[in-house]
Amino acid sequence: MDLATIKRRFGIVGESLLIQQAVERLVQVAPTDLSVLITGESGTGKDVFARALHGLSKRSGRRLVSLNCGAIPENLLESELFGHERGAFTGAVERRKGYFEAADGGTIFLDEIGEMPIGTQVKLLRVLESGEFSRVGSSDTLYTDVRVLAATNRTLEQDVADGLFRQDLYFRLNAVQIHLPPLRERPEDIGPLVEMFGRSVAAEHGFEYRGISGEALQFLKNLPWQGNVRELRNMIVTITTLERGEMITPATIRPYVPRALKAPGTDIYRGGNFQHSTSGGTGASLVHLNGKTSDQVERELIYKTVLEIQTELRELKQALINREDERRRRRYELPPIEEADAIEDDASSAEAEFDLERSEEMMIRRALDHVSGNRRKAAEVLGISERTLYRRLVKFGLI
Ligand SMILES: Nc1ncnc2c1ncn2[C@@H]1O[C@H](COP(=O)(O)OP(=O)(O)O)[C@@H](O)[C@H]1O
Ligand SMILES: [Mg+2]
């Protein structure tokens, strides 16, 4: 199979040298049993590559079991992975198989591996080296034949240096590394990606996709794309759906670009009055409301809410970062004589914290509402790990 066929088969789009190299590496290592560590920021295609690695391996007829290490409460992760005996811990009412048993003969994909607690890492190393493991609550040795793929958006080297990640496990997992570069480092992939997302949405809704203007494409290439391909996909899906496949121009894009995405020096805003997606988007959809089924309208509303939530969350994160920076500055730089001021400031920052918490809770509720309570989807919408979401739900008393 040539590279083009492989890319088509697994839905990998991209003409940049960086993506071509990643695909070449994928083709080289897929048929082996080597562990592969897929690295890259959120939304760069780690899941896509994991599926392709499995699909191109001799294990493709067997299961690919995926597990997000960041999504499962720490005390349950080990029994999820290795299973447990009846009575191993409170609540373990019957014996249960773990993912390593379920994936026997196939592949296991450990996403967000950097979130794995250090105690579990020891057990993972054992199964990687010898295929041996034990269920929680049992000392019997069991065997499994599983190929391990792992992914992370963290710098694991740093975690190793900080004592958060075992060096021996890191070396074992990193036998082969496939790095997926951020979208902003490969702007030439944006055109083909827009085309693919636009066409598939148009086909799904039964209208024609009329492309994107050169100016609009150039604008997209200048955005920072912190959410990478996922963010681009969300935007193009929304625009194509709401604009019914009409040619994408800077004017059509404007209402859909979250303020936080705005890159300095991009023409689209120069001298113009930037509109937040809330107001701009609503106007756009009212124009088209006639002739749509309520299902379509509902879907569009969801898309829009998702975009809004993403924007708000990004802004919230930025506010938090700024506040943290400010605190640090205060802690290290202020001469003691200004302490009184600092105390006063702290009172107002406690208020800000309260506000942030309230908006955070509200956004989480909204996200959950829109995905009918599905936590995995809500976490994805919010751009946080499932474990973080879980902690927040507990904190806000939502579960
Ligand atoms: N190279 C690519 N070609 C086509 N679609 C991609 C590519 N990379 C990512 N995507 C799409 O972007 C979204 C996020 O990709 P995903 O693999 O889930 O990212 P990650 O696991 O790194 O967060 C998915 O919808 C995926 O299909
Ligand atoms: Mg992923």
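Residues numbered from 1 in each chain as written. Chains lettered and ligands numbered in written order. Predicted model: local features only at pLDDT ≥ 70, side-chain atom pairs only at ≥ 80, totals over all residues.

Q: So what exactly am I meant to see when it comes to the overall build of the protein chain here?
A: When its secondary structure is counted, the protein chain shows 17 helices and 7 strands. For the protein chain, the proportion of its 399 residues judged to be buried stands at 32%. (Helix = DSSP H or I, 4+ residues; strand = E, 2+ residues; numbered from the N terminus. Buried ≥ 20, exposed ≤ 12 C-beta atoms within 10 Å, placed from the backbone.)

Q: In this structure, what is going on with the site of ligand 1? I would like to understand it.
A: Neighbouring residues of ligand 1: 15 residues in total, closest Val13, Gly45, Lys46, Asp47 and Val229. Mapped onto the shell around ligand 1, the elements with two or more residues apiece are helix H3 (46-55) and helix H11 (228-242). Of the residues in the shell around ligand 1, the class split is 4 nonpolar, 7 polar and 4 charged. Summarising the domain contributions, the shell around ligand 1 has at least three residues from each of domain 1 (3-181) and domain 2 (184-288). (Near = placed C-beta within 6 Å. Nonpolar A, V, L, I, M, F, W, Y, C, P; charged D, E, K, R; others polar. Domains from an automatic or database assignment.)

Q: Help me understand the pairing of strand E3 (residues 107-111) in this model?
A: Regular strands place their side chains on alternate faces of the sheet. Across the 5 residues of E3, 5 count as buried, placing the element largely inside the fold. Side chains Thr107, Phe109 and Asp111 project from E3 onto one buried face, and the interleaved Ile108 and Leu110 project onto a second face that is buried too. Summarising the sheet, strand E2 (residues 64-68) and E3 pair through 5 bridges and their orientation is parallel. Looking across to E3, one finds that Ser66 is bridged to Phe109. Strand direction decides the pairing type here: E3 and strand E6 (residues 147-152), joined by 4 bridges, are parallel. Along E6, the bridge assignment pairs Leu110 with Ala150. (Pairing = 2+ DSSP bridges.)

Q: Sorry if this is basic, but what is going on with the environment of Asn174 here?
A: Take Asn174: it is sitting in the loop between helix H8 (167-173) and strand E7 (176-179). Note: C-alpha distance between Asn174 and Leu34 (140 residues apart in sequence) is 9.3 Å.

Q: What exactly am I supposed to notice about the nonpolar core here?
A: Side chains that are nonpolar tend, in soluble globular proteins, to be buried together. Membership of the largest hydrophobic core comes to 44 residues, with the highest contact counts inside it found for Leu26, Ile38, Phe100 and Ile108. Per-element accounting of this core gives the leading share, 5 residues, to helix H2 (residues 17-29). Those residues in contact with Leu26, other than ones at most four positions away along the chain, are Phe49, Ala52, Leu53 and Ile178. Grouped together as the second largest cluster of nonpolar side chains are 21 residues, Leu183, Ala216, Ile239 and Ile253 included. (Core = buried A, V, L, I, M, F, W, Y, C linked by C-beta atoms within 7 Å. Contact = placed C-beta atoms within 7 Å.)

Q: Just to check I follow, could you spell out the sheet that holds E3 for this structure?
A: Hydrogen bonds between backbone atoms are what pair the strands of a sheet, whose relative direction is either parallel or antiparallel. Strand order in the open sheet made by the 5 strands is E2-E3-E6-E1-E7, with parallel pairing throughout. In this open sheet, the two strands that pair with only one neighbour each are E2 and E7. Looking at each pair of strands side by side, their axes are set apart by 20° on average, direction ignored. (Axes fitted to C-alpha atoms, helices over the stretch in contact; angles between N-to-C directions.)

Q: Please explain helix H4 (residues 74-82) as it appears in this structure.
A: For an α-helix, 3.6 residues make a turn, and residues three or four places apart therefore share a direction. Taken together, the buried positions of H4 are Leu77, Glu78, Ser79, Leu81 and Phe82. Where H4 is buried, its residues contact helix H5 (99-102), helix H6 (118-130) and strand E4 (132-133). Residue Gly83 follows H4 closely and has a positive phi angle near 80°.

Q: What am I meant to see in unusual backbone geometry here?
A: Comment: phi is negative for the bulk of residues other than glycine, and the bulk of peptide bonds are trans. With a phi angle near 55°, Asn228 is a residue other than glycine that sits in the positive phi range. Within the element layout of this structure, Asn228 appears in helix H11. Residues other than glycine seldom take positive phi values, yet Ser372 does so here, at roughly 50°.

Q: Is there a simple way to think about the packing of helix H9 (residues 190-205) against helix H10 (residues 214-221) in this case?
A: Remark: H9 packs on H10, axes separated minimally by 10 Å, with the N-to-C direction vectors making an angle of 115°. Relative to H10, the element H9 lies roughly perpendicular. As for the relative orientation of H9 and H10, their crossing is right-handed in sense. Listed contacts from H10 to Ile190, Gly191 and Val194 of H9 are Leu217, Leu220 and Lys221. In terms of residue class, the contact of H9 with H10 is made up of 4 nonpolar, 1 polar and 1 charged. (Parallel < 35°, antiparallel > 145°, perpendicular 65-115°, else oblique. Left-handed = near helix turned anticlockwise from the far one by under 90°.)

Q: Where do I start with the confidence of the model for the protein chain in this structure?
A: When pLDDT drops low, the exact placement of atoms in the prediction is not to be read closely. In the predicted model, the protein chain carries a mean pLDDT of 82, and the fraction of residues at 70 or more is 77%. Throughout residues 263-290 the model reports pLDDT below 50, and contacts reaching past four residues in sequence, or to other chains, amount to 36 contacts. (pLDDT = per-residue confidence, 0-100.)

Q: Looking at this structure, how should I read the environment of Gly206?
A: Along the polypeptide, Gly206 turns up in the loop between H9 and H10. Overall, the presence of 7 C-beta atoms within 10 Å leaves Gly206 in the exposed class. Through-space distance from the C-alpha of Gly206 to that of Gly245 is 9.7 Å; in sequence the pair is 39 residues apart.

Q: Looking at this model, I keep getting lost on the environment of Glu80. Mind explaining?
A: Counting through the fold element by element, Glu80 comes out in helix H4. Each C-alpha atom of the pair Glu80 and Leu67 lies 9.1 Å from the other, and the pair is 13 residues apart in sequence. Apart from the residues lying within four places of it in its own chain, the contact partners of Glu80 are Leu67, Ile72, Gly98 and Tyr99.

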